Amino acid sequence: MAVLHLEDLTRSFGGLMAVAQLNLTVSKGEIVGLIGPNGAGKTTVFNLISAFLKPDSGRIFFENDDITHLKPHQICKKGICRTFQIVKPFLSFSVKKNVRIGSYNRLKEKQEIEDKTIEILDFLGLVDKKDVTAKNLSIGDRKKLELARALATKPSFLLLDEVMAGLNPKEQNDMINIILELKSMGMTILLIEHTMKVIMSLSERIIVLNYGKKLAEGSPSDIGSNQDVIEAYLGERYFA
Amino acid sequence: MNNRLVIAAILFIFVVIAPFLNDYFLHVLIMMFLYSYLGTSWNILGGYTGQFSFGHTAYFGIGAYVSTILLFNWKISPWIGMICGAFLGLIFGLFIGFLCFRYGLRGPYFALATLAFAEMLRIGALNLEITGKAMGILIPLEGDSFWLFQFTSKLPYYYIILCMTTGIVLINYIISNAKLGDCFEAIREDPDSAMALGIDTFKYKMIAIALSSFFTTMGGTFYAQYMFYIDPEICFGVHNSIEIFLRPILGGLGTVMGPTLGAFLLAPVSEVTRNFLGSYSGVYLMIYGILFIMVIIFFPRGIVGLLSSIPKEKVKNLFVKT
């Protein structure tokens, strides 16, 4: 069953077609990887889904509702939450307060909010840093915090924009396990990633973008051997 | 708990000593609390929500003129005028907020837009018959009565402004410990993140400007009734806007006690310089300027930030209640 469906989605910046007539479907409980060379339009797709940008044309459906014209906070209420490629923590807040802001999306009772916040911090292994100010966190912890805040909004659909970038191998493994656990809890995940190891081991399906268009789509092994994809990434010289 | 006791004790001292003070000291304290009140009102929008209003005197002026016009022309009690003014100020605030926030004006652009609105009111007041044009309005003395908000002694004014300031500080305290305050601060820290986490940034900015304008307007009415004279420059001039946000910046933006601490610091400085350097008019403004520059360079988080960097737990807990 398709939860998210993009229909002929188009968005240009001046003369540049960032996303051109993109059709894309994500099914419930799936982990889909979105890859492509720099400037392929991956983050623009995220910005369009999360309503940070308005599409020029085309429509977006989530759980059969047309969400094309909603505002970012309404998208979040619907159950879609995004993280940012360049993490945007509330720098002067403690880790706990950062997560608390997210939990206001669904919860009202003070005690409930407190419990949920601690539960999420525990899940991500940030609980002993709960009183640290966000600006004093390492990049690895900031990425985790970004995810923690998103989880606090109780989403059913996560848009993860390069949550692995800048992490060391151990932290990457932690993050992979976290994402797999989220999937087992029934969450649907669309992720942008550059690290091939991560994308190949996590995704059930990969969609490759190039110049705003869908270049290829398929299982990780199909994509790995797809000639178009190799060409797009490495140039024509290697195509032989 | 200790912090509250200390603040309650200081408040108690201010309540008790007042009858023993002469008129001059009472005047200094009244102005100190008035600007602490205005600064704390400004702090809701400028400090917590991070929407730096450069034209807050617009609301102050609305409060002063509305109650005065009602009293002058129709003998309506300034207390009623204060409420009418407050709602008019709130509507004006929502109007400015709607225009600015709808189109996503941020930072300096919002500051300039608010400045422009205050200037529009100033020019309006300079040219309209009902506001007395450049002459301003001299409020007629009707007698010593609470209902008319007119007293021959300064003491009642002192207690009124002390109550108003205590009230607004309490309101700031309640906001800062509630979801509302968290949402305001999230918008200040990172509006994009706030949106992504489901906060309706437009709605919360509108709430902030509504609260802030409502309370600032009430301060304007107090000023008019205390001074008995208002004119367009006093009420809508840029100078007053600066006076309003100077104290929160000195004391610490987005903190409960910051604006009040700023006022406590600035009142003696400006009085001492005005008295001792009175023959050089304007020198006190230069001292303001120097103080302001020093604070921005060395203590960008204000007095509260400075105090909270002192590692003594008690001092820290006393003021940092964000």
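Let me begin by describing the structure that accompanies this report. Just so we're clear, the structure is a prediction, and the values are computed from it rather than from any experiment.

1. Comments concerning the overall build of chain A
Okay, step 1: Along the backbone of chain A there are 9 helices and 10 strands.
Okay, step 2: Computed over its C-alpha atoms, the radius of gyration of chain A comes to 18 Å, within 12% of the 18 Å expected for a compact globule of 240 residues.
Okay, step 3: Over its C-alpha atoms, taken along the principal directions, chain A stretches across nearly 60 × 40 × 35 Å.
Okay, step 4: Sequence separation of 24 or more characterises 65% of the internal contacts of chain A that already satisfy a separation of 6 or more.

2. Side note on the interface of chain A and chain B
Okay, step 1: With 19 residues of chain A in contact, the opposing surface of chain B contributes 13 residues.
Okay, step 2: Those elements giving two or more residues to the side of chain A that touches chain B turn out to be helix H2 (72–78), strand E6 (80–82) and helix H3 (95–103) of chain A.
Okay, step 3: By residue class, the composition of the side of chain A that touches chain B is 8 nonpolar, 6 polar and 5 charged.

3. Quick look at the pairing of strand E9 (residues 205–210) of chain A
Okay, step 1: Relative to E9(A), strand E3 (residues 31–35) of chain A runs parallel, the two being bridged by 4 bridges. Residue pairing across strands places A:Val32 opposite A:Arg205, the latter belonging to E9(A).

4. Notes on the sheet that holds strand E1 (residues 2–13) of chain A
Residue and element names in this part refer to chain A.
Okay, step 1: Pairing is antiparallel across the open sheet formed by 4 strands, whose spatial order is E2-E1-E4-E5. The strands lining the two open edges of the sheet, one partner per strand, are strand E2 (16–27) and strand E5 (65–66).
Okay, step 2: As defined by bridge partners, E1 adjoins E2 across 8 bridges and the pair is classed as antiparallel. Following the sheet pairing, leucine 9 is matched in E2 by leucine 22.
Okay, step 3: Of the strands in this sheet, E1, E2 and strand E4 (57–62) touch helix H1 (residues 42–49), which is tilted by about 65 degrees from E2.

5. With respect to helix H11 (residues 238–251) of chain B
Residues and elements named next belong to chain B.
Okay, step 1: Between its first and last C-alpha atoms H11 spans 21 Å; for 14 residues at 1.5 Å apiece the expected length is 20 Å, and the two agree.
Okay, step 2: Where H11 bends most, at phenylalanine 245, the angle is about 30 degrees, and the proline proline 248 comes one to four residues later.
Okay, step 3: In terms of burial, H11 is a largely internal element, 11 of the 14 residues being buried.
Okay, step 4: Backbone geometry just after H11 places glycine 252 at a positive phi near 135 degrees.

The rules behind the values
All residue numbers refer to position in the chain's written sequence, counted from 1. All chains are assigned letters beginning with A, and all ligands numbers beginning with 1, in the order in which they are written. pLDDT decides what is reported in this predicted model: residues at 70 or higher carry local features, side-chain atom pairs at 80 or more are listed and counted, and totals for whole chains, interfaces and linings draw on all residues regardless. A helix here means a DSSP run of H or I that spans at least four residues, while a strand means a run of E at least two residues long, and both kinds are numbered starting from the N terminus. Within these notes, the globule rule equals 2.2 Å times the number of residues to the 0.38 power, and the radius of gyration is based on C-alpha atoms. Remark: residues whose backbone-derived C-beta atoms lie within 7 Å of one another are considered to be in contact. Any residue that is not Ala, Val, Leu, Ile, Met, Phe, Trp, Tyr, Cys, Pro, Asp, Glu, Lys or Arg is counted as polar, Gly included; the first ten are nonpolar and the last four charged. In short, DSSP must find at least two bridges between two strands for them to pair. To get an axis, a line is fitted to the C-alpha atoms, and for a helix only the part in contact is used. The angle between two axes follows their N-to-C directions and goes from 0 to 180 degrees. Multiplying one less than the number of residues by 1.5 Å gives the expected span of a helix. Consider a residue and the seven residues that end there alongside the seven that start there; fitting an axis to each set, the bend is the angle between those axes. Exposure criterion: with C-beta atoms placed from backbone coordinates, a residue whose C-beta has 20 or more other C-beta atoms within 10 Å is buried, one with 12 or fewer is exposed, and one in between is partly exposed.

The quantities given are spatial measurements derived from coordinates; they are silent on function.
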